[in-house]
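Report on the structure
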Amino acid sequence: MIDVKSVSKPLAAAAGGALETLAVEAAPARRTRGHVGSATQEASRSVRYLVAKGKSAPLAPSARSTMLETVIGVDDRVRILDTDLAPWRMVCALRMRGANGAGAIGTGWLIGPKTVLTAGHCVFSSQFFGGWASTIEVIPGRNGSDTPFGSVTSQSFTSLDRWVESEDADFDIGCIHLTQDIGTNLGWFALGALPPEQLEGFLVNVSGYPGDRGMGTEQYHHRNRVLRVSERRVFYDVDTFGGQSGAPVWIHETASSPPLAIAIHAYGIGGTPANFGITANSAPRIIPEVLTQIETWVAEDGGWPPV
Amino acid sequence: MTATVRCRGRVLDAEGQPIEGAVITISNAVPEMGLLSGDGGAFEVLLAPHRYRFVAIGPGDARVETDVDVGETLEVVLRLPRPR
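Calculation rules
Residues numbered from 1 in each chain as written. Chains lettered and ligands numbered in written order. Predicted model: local features only at pLDDT ≥ 70, side-chain atom pairs only at ≥ 80, totals over all residues. Heavy atoms only, no water. Helix = DSSP H or I, 4+ residues; strand = E, 2+ residues; numbered from the N terminus. Buried < 20%, exposed > 50% of the residue type's maximum accessible area, 1.4 Å probe, protein only. Areas by Shrake-Rupley, 256 points an atom, 1.4 Å probe, with all protein chains shown as cover. Pairing = 2+ DSSP bridges. Axes fitted to C-alpha atoms, helices over the stretch in contact; angles between N-to-C directions. Core = buried A, V, L, I, M, F, W, Y, C linked by side-chain atoms within 4.5 Å.

Broken down by element type, chain A carries six helices and 18 strands. When burial is assessed residue by residue, chain A has 59% of its 307 residues classed as buried. For chain A, the accessible surface area stands at approximately 11600 Å², while carbon and sulfur atoms represent 52% of it.

If you want it as structure tokens, here you go:
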């Protein structure tokens, strides 16, 4: 059992003050409920043809080139065009701006009416921003120059203490807090803290905004099998690229189950330990302790509506 | 904690003019974030001394990539080809 705490971006008026922390009790594995959104219920054809569900048999080992990039072998990513439909509209293109003036792109996804989950380094990065991001523009369901649901800009972010204090890749998780409710209309992902043995063999889906396609304005999806699950990370052969940091990694437990997000995409193949002997991209998992913290973040934004 | 160095770069078009808003990714053990070039095509990042692959993507998905030994080199110029 581990102890994780929340760290908030200091408010402008409190700049230089101590960081706020919240003590968190560890929790057993569990799920939260998703919401499909009140916008059109039209079924996405992309979901029917692209989204992988359930588990797969072990894959035969294949010869793969060792590339520094994260498109592994053949580029299998597919552009999503019906981004105004669920679940794609819950996936948001991010435009970050650091206090040092640096700009960057990433991906986030709705987990509540006013809460967006992303990678920790999209909200706090000594490497890219010299600390906290100053503003993040959230653009749900962006499709090139078309922004079907507009955009909202936030200056309120939180992350985990282990990310802010040591940028530990296992805790590379961040949260963007919105002042307006966009999730009730667009929907949000369910979250699952599943034990490692339960994740083995699942087909995972990753959808986000890679920088090498439309300069981060077009949503791309790929899916493949989980290759390995460690205590805090999940590793998969899913093609991604810079800009997809923070994208949802989700499964469907059965053919009829709704999407269940189990991790936050953050790392290319350079983030996979060499001794694993696999070529894989990876994401910090939503472990029970992290899920407890995420629930607190959603509650601070007003919470989920009662069922 | 590993010591880091400040690496500066610029993204230029085929004519040598700065490109603002180009996406830059840096592969190899760094998070999958895309930086955006700012005024004068400039960008900046803190990196541990190591060999990295810098990739810049410009309008029309024009792309250039180069391997850089950060530590020996602290300035990177990425010149994009003409969009296809």
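On to the sheet that holds strand 4 (residues 42-47) of chain B, then. All names here are of chain B. In space, the three strands of this open sheet follow the order 4-1-7, with mixed pairing throughout. Every other strand in the sheet has two partners, leaving strand 4 and strand 7 (75-79) as the edge strands with one partner each. Recorded for the sheet is a direction-independent mean angle of 25 degrees between the axes of neighbouring strands.

Burial of nonpolar side chains together is a common tendency in soluble globular proteins. Counting residues in hydrophobic clusters, the biggest one holds 49 residues, and the most contacted among them are Ile136, Val138 and Ile176 of chain A together with Val11, Ile24, Phe54 and Leu78 of chain B. Considering every element that reaches this core, the biggest residue donor is strand 8 (residues 131-140) of chain A, with four residues. Grouped together as the second largest cluster of nonpolar side chains are 33 residues, Ala86, Val91, Trp109 and Ile139 of chain A included.

Another aspect to go through is unusual backbone geometry. Residue and element names in this part refer to chain A. Here the residue pair Ala86 and Pro87 is connected by a cis peptide bond, since its omega of 0 degrees sits within 30 degrees of zero. Relative to the assigned elements, Pro87 resides in the loop between strand 3 (78-79) and strand 4 (91-98). Residue Glu167 is not a glycine yet carries a positive backbone phi of 50 degrees. Within the secondary structure, Glu167 is located in the loop between helix 3 (161-166) and strand 11 (174-177).

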